[in-house]
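Chain and residue survey
So you can see what is in the structure, the chains are spelled out below.
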Amino acid sequence: MFKKLLVPLDGSVLAEQALGVAGAIARASEANLDLVLVHQPLPLGAIRGQQRAVAQWQAEDRYVEGIVEELKTSPGVPASHTILGGNVVDAIVSRAHDIDADLIVMTSHGRTGISRAWMGSVTDGVVRQARKPVLVLRAADSHVPRGTRLFNRIVVTLDGSALAADIVEPASDLARCTWARLFLLRIVRPVPRIPAATDVTWATYSSLVPDEVATRQLVEDAHQELAAVEHSLALQGLRDVETHVVVDTHPAQAIIDFARAHEADMIAMATHGRGASRLLLGSVADKVLRASDLPVLLRRPLVIPAKADLLDAASVAEQLPAIANI
């Protein structure tokens, strides 16, 4: 279970929207909240700028301290706060490491504004750099009050790799403290049927009809892998778990469609899985973040392959089990 949650703030109502969910998780898991605001001084002259920076720092401290006092009211949540300087993303990531936070909770947009980036530059940077799980909440209209609803149905996406399995622990912790049902989901890409010719190009390979026998074997293997994870969770006391295997050529959209069809209110996934080294942020995780309107729990694996998994035509056949699930 969670012991300490970190919530980054920037003085905006949008960033504050993470407080409701973070507070509810903290109460359910008897965890502490740590609020962090990274001071960004205004560009003014040397003397005047220094005076303004001190006043701004004090105002920010009063602002965060006021939120801490509000959180301590009934039903109270133990909370601490700090004001830091420097690069915003680096400061947040460093703070999470220093206090050994179990989870970072933040909205997809804060002061940077929705129009600046698809997810908000600060949130994007934290997701890419933090070694701690990050729960990204979709920022609602600024007039909407802070929500406190916990999660009821969590989709946990796996691909058979150890990297992707890193998400199971924080997702199961959220399920425990919110009494949520877990849907363990594996998306299997159809295995293409490769002709005997030795000069098969990637374009030809990608357009071939599926090999039903090989695809069926992958599906059976996926069911067995998910059953093993389900059994492990049951031994830990989590029994409200379902396993699902879906065959689809577009994993990200399949994940979003599955979540919508099963009325899920959160998607959990690792930022890297099979083929993880091809992008800094795994392509499937990136697409889900862009396209889904649900909160997304992300975890960056502690160890990521250093070199890209590049396949040539000669090695396609022997690499089928791996690339079929990217």
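Residues numbered from 1 in each chain as written. Predicted model: local features only at pLDDT ≥ 70, side-chain atom pairs only at ≥ 80, totals over all residues. Heavy atoms only, no water.

Re the sheet that holds strand β7 (residues 181–188)
Paired through backbone hydrogen bonds, the strands of a sheet run either parallel or antiparallel to each other. Inclusion rule: Any two strands with at least two DSSP bridges between them are considered paired. Helix and strand assignments come from DSSP, with helices taken as H or I runs of at least 4 residues and strands as E runs of at least 2, each series counted from the N terminus. Note on geometry: axes are lines fitted to C-alpha atoms, helical ones only across the stretch in contact, with angles between N-to-C directions running from 0 to 180 degrees.
Read from one edge of the open sheet, ten strands run β3-β2-β1-β4-β5-β10-β9-β6-β7-β8, paired in mixed fashion. Each edge of the sheet is formed by a strand with only one pairing partner; in this case those strands are β3 (79–84) and β8 (241–247). Ignoring which end each strand starts from, the neighbouring axes of this sheet average 25° apart. Pairing geometry for strand β4 (residues 103–107) and strand β5 (residues 134–137), over four bridges, is parallel. Bridging from a neighbouring strand, I104 pairs with V134 of β5.

A look at the packing of helix α4 (residues 88–98) against helix α5 (residues 121–129)
Between two packed helices, both the angle of their axes relative to each other and the distance between the axes serve to describe the pair. We apply this condition: An angle below 35 degrees is read as roughly parallel, one above 145 as roughly antiparallel, one from 65 to 115 as roughly perpendicular, and any other as oblique. A crossing counts as left-handed when the near helix is turned anticlockwise from the far one by less than a right angle, and as right-handed when that turn is clockwise. The contact criterion used throughout is that any non-hydrogen atoms of two residues lie within 4.5 Å. Only Asp, Glu, Lys and Arg are considered charged in this grouping, and only Ala, Val, Leu, Ile, Met, Phe, Trp, Tyr, Cys and Pro are considered nonpolar; every other residue, Gly among them, is considered polar.
At a minimum axis distance of 9 Å, the contact between α4 and α5 shows a crossing angle of 45°. As judged from the angle between their axes, α4 and α5 are oblique. For the crossing formed where α4 meets α5, the hand is right-handed. The segment α4 lies against α5, with V88, V89, D90, I92 and V93 engaging S121, V122, G125, V126 and Q129. A breakdown of the residues in the contact of α4 with α5 according to their chemical character gives six nonpolar, three polar and one charged.

Thoughts on the nonpolar core
Going by this rule: Buried Ala, Val, Leu, Ile, Met, Phe, Trp, Tyr and Cys residues that are joined via side-chain atoms within 4.5 Å together make up what is termed a nonpolar core. Relative accessibility under 20% of the residue-type maximum defines a buried residue, over 50% an exposed one, and the middle range a partly exposed one, all with a 1.4 Å probe and only protein chains included.
Core analysis: the biggest nonpolar cluster contains 51 residues, and L33, L35 and L135 have the highest contact counts within it. The element best represented in this core is helix α2 (residues 18–29), accounting for six residues. When residues no more than four places from it in sequence are discounted, the contact partners of L35 are V7, L9, L19, V64, I67, V68, L71, S80, H81 and T82. Listed in part, the 35 residues of the second largest apolar core include L6, V36, A96 and A259.

What about helix α10 (residues 251–261)?
Buried within α10 we find P251, A252, A254, I255, I256, F258 and A259. As for α10, its buried residues are in contact with β6 (153–158), β7, β8, β9 (266–270) and α11 (283–291). Immediately beyond the C-terminal end of α10, within one or two residues, lies E263, with a positive phi of roughly 55°.

Here's the deal with helix α7 (residues 168–178)
Most of α7 is tucked away: nine of the eleven residues are buried. Two residues or fewer past α7, W179 is found with a positive phi of approximately 55°.

With respect to the environment of L6
Summarising the element assignment, L6 is placed in strand β1 (residues 4–9). Overall, the relative accessible area of 0% leaves L6 in the buried class. Taking C-alpha positions, L6 is 6.5 Å from A96, a pair spaced 90 residues apart along the chain. Residues in contact with L6, not counting those within four places in the same chain, are D34, V36, I92, R95, A96, I99, A101, L103, I104 and V105.

Quick look at the pattern of salt bridges
In plain terms, the rule: Salt bridges are defined by distance alone: a side-chain nitrogen of Lys or Arg within 4 Å of a carboxyl oxygen of Asp or Glu.
In the structure shown here, the tally under the stated rule is eleven salt bridges. Here E242 makes a salt bridge to R181, at a shortest N to O gap of 3.2 Å. One end of the pair, E242, is in strand β8; the other, R181, is in strand β7, with 61 residues separating them in the sequence. Using a relative accessible area of 27% as the deciding quantity, one classes R181 as partly exposed. Residue E225 pairs with R186 through a salt bridge whose shortest N-O separation is 2.3 Å. Taken as a pair, E225 in helix α9 (residues 212–235) and R186 in strand β7 lie far apart in primary sequence, 39 residues in all. Judged by relative accessible area, which is 33%, E225 ranks as partly exposed. Since its relative accessible area comes to 3%, R186 is described here as buried. Residues participating in the shared-partner salt-bridge network are R181, D240 and E242.

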